[in-house]
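# Report on the structure
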Amino acid sequence: MKTIPPPCPEPEVGPKYWRSLDQLAEKPEFRQWMEREFPSGASIAPEGETRRDWIKLMSASFMLAGVGGFAAGCRRPEEHLTPFAKQPEGYLHGKAQHFATAMPSRGSAIPLVAKSHDGRPVKLEGNPLLPNSNGGTDAFAQASLLNVYDPDRAYRHTKGGADVKVENLRDALAQVATKFAANGGEGLVFLSERSGSPTRARIQEEISKKYPKSKWFAYEPVDFAIGQQALSTLVGADVQPVYHLENARRILSLDCDFLGVEGDSYRLIRGFAKGRKPAKDTMSRLYAVESLLTVTGGSADHRLRVRPTDVVRVAAQVGVAVLELLDQSGELATALKTLAKDPVANPQWVAACAKDLLANKGASVVLAGYGQPLVVHLIAQVINSVLQSVGPVVSIVKANESRNDGSIAECVAQLQSGADTLVILGGNPAYDAPADLDFTGAVKRAKTVVRWGYYEDETSQLATWNIAAAHYLESWGDARTADGTIVPVQPLIEPLFGGLTDIEVLARIAGLEKPLPLDLVRATHGVDESKWRKFLHDGFLEDSAPKPMEASSIQVGRAVATIAGFKAPVAADFDVVLYRDASVDDGRFNNNGWQQEVPDPVTKVTWENVILVSLATARELGIADAANAKDGQYKQPILKVTLGGRTVEGPAWVQPGLADKTVGLALGYGRRVTGRVGRGSGFDSYPLYLKDTRHLATGAKVVKVPGRRLVAVTQEHGLMEGRPVIREADLAQFEAKPDFAKNMDLDAHLPHYVPYKKEADGRNVGPRPQNIYEHPFDQNPETASKIHQWGMVIDLSTCVGCTACVVACQSENNIPIVGKDQVARGREMHWMRIDRYYSHDPKSDLGSDIAAEDPQMAVQPMLCQHCESAPCESVCPVNATVHDEEGLNVMAYNRCIGTRYCANNCPYKVRRFNFFDYNKRETDYAGAQSQHFFNFGNLYKGPLGVNRNDAPEWEVVKLVKNPDVSVRMRGVMEKCTFCVQRIEQAKIARKVEVGNSGDVAVKDGTLKTACQQACPAEAITFGNLLDPASAVSKLKTDPRDYTVLGFLDNRPRVTYLARIRNPNPEIQEAKIEGRNGPDSMRDYERHRHENPFKTESHGNSHGEKKSASISTQKGAV
Amino acid sequence: MSDIFPKWTNQLPMMAGIAAAVLGATALAGITYYVTPKYTRVGYQPKQPVAFSHAIHVDQLNLDCRYCHNGVEKSWFSNIPSSSTCMNCHSQVRKDSEKLALVRESYASGKPISWVQIHKVPDYVYFNHSVHVNRGISCVHCHGEINKMDEVYHAKPLSMSFCLDCHREPEKFVRPNELVTKLDWKNEGFDGKKAVHDWKIQPGQSCSTCHR
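Residues numbered from 1 in each chain as written. Chains lettered and ligands numbered in written order. Predicted model: local features only at pLDDT ≥ 70, side-chain atom pairs only at ≥ 80, totals over all residues. Heavy atoms only, no water.

This next bit is on the packing of aromatic side chains. Tallied over the entire structure, the rule returns 28 aromatic pairs over all chains. Between Tyr1042 of chain A and Tyr1056 of chain A, the ring centres sit 6.3 Å apart and the planes meet at 35°, which makes this aromatic pair tilted. With a gap of 14 residues between them, Tyr1042 of chain A in strand β37 (residues 1041–1042) and Tyr1056 of chain A in strand β38 (residues 1054–1057) connect regions that are remote in the sequence. Tyr1056 of chain A carries the same exposure label as Tyr1042 of chain A, and that label is buried. Their ring planes at 85° and their centres at 4.5 Å tell us that Tyr34 of chain B and Tyr39 of chain B sit as a pair that is edge-to-face. Taken together, the aromatic side chains of Tyr431, Tyr686 and Tyr689 of chain A make up a single cluster linked through ring pairs. Here the basic side chain of Arg968 of chain A rests over the ring of Tyr893 of chain A, its NZ or CZ set 5.6 Å away from the ring centre. (Phe/Tyr/Trp six-rings, centres within 6.5 Å; stacked < 30°, edge-to-face > 60°. Helix = DSSP H or I, 4+ residues; strand = E, 2+ residues; numbered from the N terminus. Buried < 20%, exposed > 50% of the residue type's maximum accessible area, 1.4 Å probe, protein only. Lys NZ or Arg CZ within 6 Å of the ring centre and 35° of its normal.)

This is how it looks when you write it as structure tokens:
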């Protein structure tokens, strides 16, 4: 804001001023101006003083004004308020508006409610109104908001590289329409992403009718439609499976990362979480068969580590076992037996698993992953059918989208034979098409290529016409969710750069009369005004989900041919797994800073992809040396992977839990043409993505090549080493001693503290250690609010580690992106992090090495614990961090001088410091400077470097900021505030509602922190501890509730519910996995010589008699 | 050996000390008074593009504050009315007046009027109008007697200590909600203490109340 001082009739400083004092006094403008500025004093001249004296008095203040720019004359710069000339109805500045919309993704959609300030979207949440929805989202949906304000997005339409006005573009499309109307679509080829939009399907129909000779192809590099394909084969119609995991007691995952990167994981996580309440008969059990260690494997009760190409054999083994238990023989059984003839999995394990699945008939389900071949999906659905789970757990519904579209291989063949006009809708096939198809070469043979895309990327370079796409938050449209419910896509803002929607482009090519998106969507859903308004308001169309078909529609016999004809590949050399990255998806979020910086849920690597290898493989390749990390920075050796004559190179990463002789490569990095954020991040794995093998290939060669590369990772260590940060138990152990979690560490010396617990059971009273950090409410009890006291409980049994909360927090609180270099120095700014621990028992019966290679994984969201006796508050020299009346530990940013003593003192290390002005100075994004001792990254250049605020892009980038939260500058400490802006808004809303009344307590459930609202598993519960009926108060008295580092007596307001695993007692007794309780507990016991299920915890047994070891006990104690 | 320094220099350090102390105290006093909002902001009366007089519209014509500042009950921001609000009356009342030319032009062309902002708290302070207006705090306590102003001026300092004066003793300033816009109302017998108790008025005094 430019400084415009109020107009003065004469300059304020300089000799001229002094000389003209008397003259000034005469001038009428001066008098007028003075009178205006000082109404009370101007007209009154003090008695007895001459005018001259009085002027001299005033001159002193003028001088001050001239010198310092403060005091009388030149105050705060003049700012303006500009209301509308005509006030739009219902608009109030400062009051957010909410609109229902949806994020379309690959044939499905996530229903959302978008919060809009001043006509622009600033936050996305899930839509809780949909039946069977909790309002959760995934990390992709949260981060998609940043894409709207991406300065590197396509901002213009071009033809042959030159800018084109939108009117000319529309004319050109109309010409295409007339041209192909004449010859029935001969030579017109469409290649698009998958879409479940009913409007697009309708227009597609019209085009097929009008241009019968036109050809349609659909391509997604990560394609979840394989599940549809399998079920459709079995049913004989175009159907898709819909999973209701809340009804599943037993789940078997065949390389299906349904809690992570599978499609619609947000609703699968929710269903899964519902079954994780620990109770003997109702708790679910998850078996995971996988090669990579995924979040699903981390949450699994039993995990089988196999090579990816062997999953099909395990699937067959399970199928055989299930059919044998049912005494079913026949073609199917025979086909499966053939596949299972070289068994991979331990037969006892398989037998126990099959028995368990069968024992829970009607409530068991088998899921197959997108990367596995069709036969695995067929086997999974066959087993589901046999287990009678079709109906309650898996329902068959009509598919969201037609699958008549050809594949990309067919598209390339079509292009090779000559095409006139190729229309590419979305996607990025020049980057992600199977490498052995030579898509680029084929495209060059088309005469005209029309490309509708969000970025000017690799595919745009091949196109004649480039149409800038509108983001879904700028578009009218519709979509279908996972179960087929129709949801609207409503724009929150007009396309920032005049982009078009896909349906408009298609409609214009079809030559439809009303091609504008709103008209098209309206036409699809009828013209009944009230129904339309309800559709837009609620965010879904009632009763639009197709009715599930009968379970008997499945005829397992239809699968026999495929199963029998499948030749399971013989594992040779190395297996290669190309997986959908949890950050950048298949490459579409490559330029999204939030996604690049959020750590991978398992590896915690940021800003790039790595080549994952197991511990044993690393030893084989000679890269397992510990000297990779120096000064906390990981300089990783480089591996070269060769498959079918194509090679990729990338930094190696040792991943415990990965199958041996397997390498995992994430897709989506190493883009050739991308924006400033993605440039230089990672390596391109797509050269190994081939049309027949896709995500799984075998026969690759892996060698180490010289060189090292810096990898920025946020969590270096993976072990708890006997410190019970995460506390877990098997279900049987938990039932024998439900409050085991309060019996670890020094808890016997320090009873578990529950704030505001009404019952006096002696736990909250009694001697406590003298705490050197004062408790503000102990000192000044009258300051504590008697209306609200906030607390939070995080359930580790349901948290899967998907990191949606991390991105939601970043979105809500204006958390900056720091770039790879700073992350490598430990300066990532996320207020919330997901800590991921591996645990193994070093004295395991299976041997230490194997145990370390196949560990268990546990995750824990860690955020500011809002300690009541906070170590950080007492040490701030300027009192910038204080305790408020409602129990929050708050930060006053304007007071902080950047001592960082508070972060030093925080035992949980959750305080983040703005070492640089991350908002003002351009970061280096994926560039890593840390290799050099003298760092000359842009951040270090300060004012001499690139200043983002001066660049025109800033006008777009700054729009994503939430106006209710400060944007912090350099030198200021920040941390989780329990979303204090939401708390204040909720309190204010309640007070406004009640007015002159005392009923001001916020109702439980109306206030949700950003992380709580984003979590699809509902693992985070937040609320008022003074309300005994609130959800959080009830959870605080849960026996599983414990405090992290409770022995410090900080009394955090954030507590955790211990994680309960539900292993199969048969598998445990058979000692197949060599464990008899969670590994972390055995590790704790070995370190502390204490068994929390038996003895009172003192941290360790003081060197006295050894307590009975956990490992010699069975589950019950 | 002769004296290097004359005798009177013996007093010099003490004199220097006293002078420094006096100078420091003066500077401090000056800054404490002059460089605080009480001096720098009170009295600020910029010239507005349209000579709107609150005295005429509120005192004389009895318009309620919320007729124009309609967002104050729902939003943190108390909005300046749009030109269309002015034209509600002025399309007929004084519809050819010279002084209202800018308003008519704005309404016709859609170009907003650029009012000069008078009351503004720093960006790191998050003040919310709706909660004050709905909990018995009248406009007059922070904006002064706007109903008597021909040209609005900044009447109160709006410094943090000014806010805390009320937050610490709300019983002195609270009134029933219906009387919030009656700027001339004098408290004769309304029990502020009882209102604070009954309505559970606990205005925060910790940092998170305003600073986030």
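Past the structure itself, the notes keep going.
So, on to the packing of helix α6 (residues 139–148) of chain A against helix α27 (residues 804–812) of chain A. All names here are of chain A. Two elements in contact, α6 and α27, have axes separated by 8 Å at closest approach and are oriented at 25°. With respect to each other, α6 and α27 are oriented roughly parallel. Crossing of α6 over α27 shows left-handed handedness. Residue-level contacts link Ala139, Gln142, Ala143 and Leu145 of α6 to Ala804, Val807, Ala808 and Ser811 of α27. (Axes fitted to C-alpha atoms, helices over the stretch in contact; angles between N-to-C directions. Parallel < 35°, antiparallel > 145°, perpendicular 65-115°, else oblique. Left-handed = near helix turned anticlockwise from the far one by under 90°. Contact = heavy atoms within 4.5 Å.)

Opposite charge on two side chains lets them pair, provided their charged atoms get close. Enumeration over the complete set of coordinates arrives at 76 salt bridges over all chains. Salt bridges sharing common partners tie together Arg106, Glu193, Glu220, Arg580, Asp585, Asp586 and Arg588 of chain A. (Salt bridge = Lys/Arg side-chain N within 4 Å of Asp/Glu carboxyl O.)

Moving on to the side chain of Ser1033 of chain A. All names here are of chain A. Within the secondary structure, Ser1033 sits in helix α36 (residues 1031–1036). The class for Ser1033 is buried, based on a relative accessible area of 12%. Beyond its immediate chain neighbours, meaning those up to four positions away, Ser1033 contacts Asn1024, Leu1025, Asp1027 and Pro1028.

All names here are of chain A. With parallel pairing, the four strands of this open sheet are ordered in space as β12-β11-β10-β13. The open sheet is flanked by β12 (302–305) and β13 (364–368), the only strands paired with a single partner. Between one strand and the next, the sheet's axes are offset by a mean angle of 10°, whatever the strand orientation. As paired strands, strand β10 (residues 250–254) and strand β11 (residues 285–290) are joined by five bridges and run parallel to one another. By the bridge assignment, Leu252 is partnered in β11 with Tyr287. Contacting β10 and β13, helix α15 (residues 374–386) crosses the sheet at an angle of about 170° to β13. (Pairing = 2+ DSSP bridges.)

This part takes up empty space enclosed by the protein. Residues and elements named next belong to chain A. Roughly 640 Å³ of internal volume is contained in the second largest cavity. Lining the second largest cavity are 40 residues; nearest its centre among them are Ser108, Phe224, Glu262, Gly263 and Asp264. Of all the elements in the fold, those that place two or more residues in the lining of the second largest cavity are β2 (97–105), β3 (108–117), α9 (225–235), β9 (239–243), α10 (265–274) and β13. Class assignment of the residues belonging to the lining of the second largest cavity gives a composition of 18 nonpolar, 12 polar and 10 charged. (1 Å grid on protein atoms, 1.4 Å probe; cavity = no way out; pocket = protein on both sides within 12 Å on 5 of 7 lines; lining within 4 Å. Points joined across faces, edges and corners; volume = space filled by probe spheres on them. Nonpolar A, V, L, I, M, F, W, Y, C, P; charged D, E, K, R; others polar.)

A separate point is the interface of chain A and chain B. The figure often quoted for interface size is the accessible area lost as the parts come together. At the interface, 51 residues of chain A touch 59 residues of chain B. Together chain A and chain B conceal approximately 4,900 Å² of surface at their shared face, both sides included; 56% is due to carbon and sulfur atoms. Between Lys120 of chain B and Glu79 of chain A there is a salt bridge, and its shortest N-O distance comes to 3.9 Å. If you look at where chain A meets chain B, you find 21 residue pairs in polar contact (both at pLDDT 80 or more). Counting only elements with at least two residues in the side of chain A that touches chain B, the list comes to α3 (28–37), β1 (80–81), β32 (881–883), β33 (889–891) and α34 (980–994) of chain A. Among the elements that make up the side of chain A that touches chain B, the one with the highest residue count is α34 of chain A (seven residues). Residues that form the side of chain A that touches chain B fall into these classes: 22 nonpolar, 15 polar and 14 charged. Pairing between β1 of chain A and strand β1 (residues 115–116) of chain B: two bridges, direction antiparallel. When the sheet's bridge partners are listed, His80 of chain A is paired in β1 of chain B with Val116 of chain B. (Buried area = accessible area lost by both parts, 1.4 Å probe. Polar contact = N/O pair within 3.5 Å; in protein donor to acceptor, adjacent residues only side chain to side chain.)

Honestly, it's all geometry; don't read function into it.
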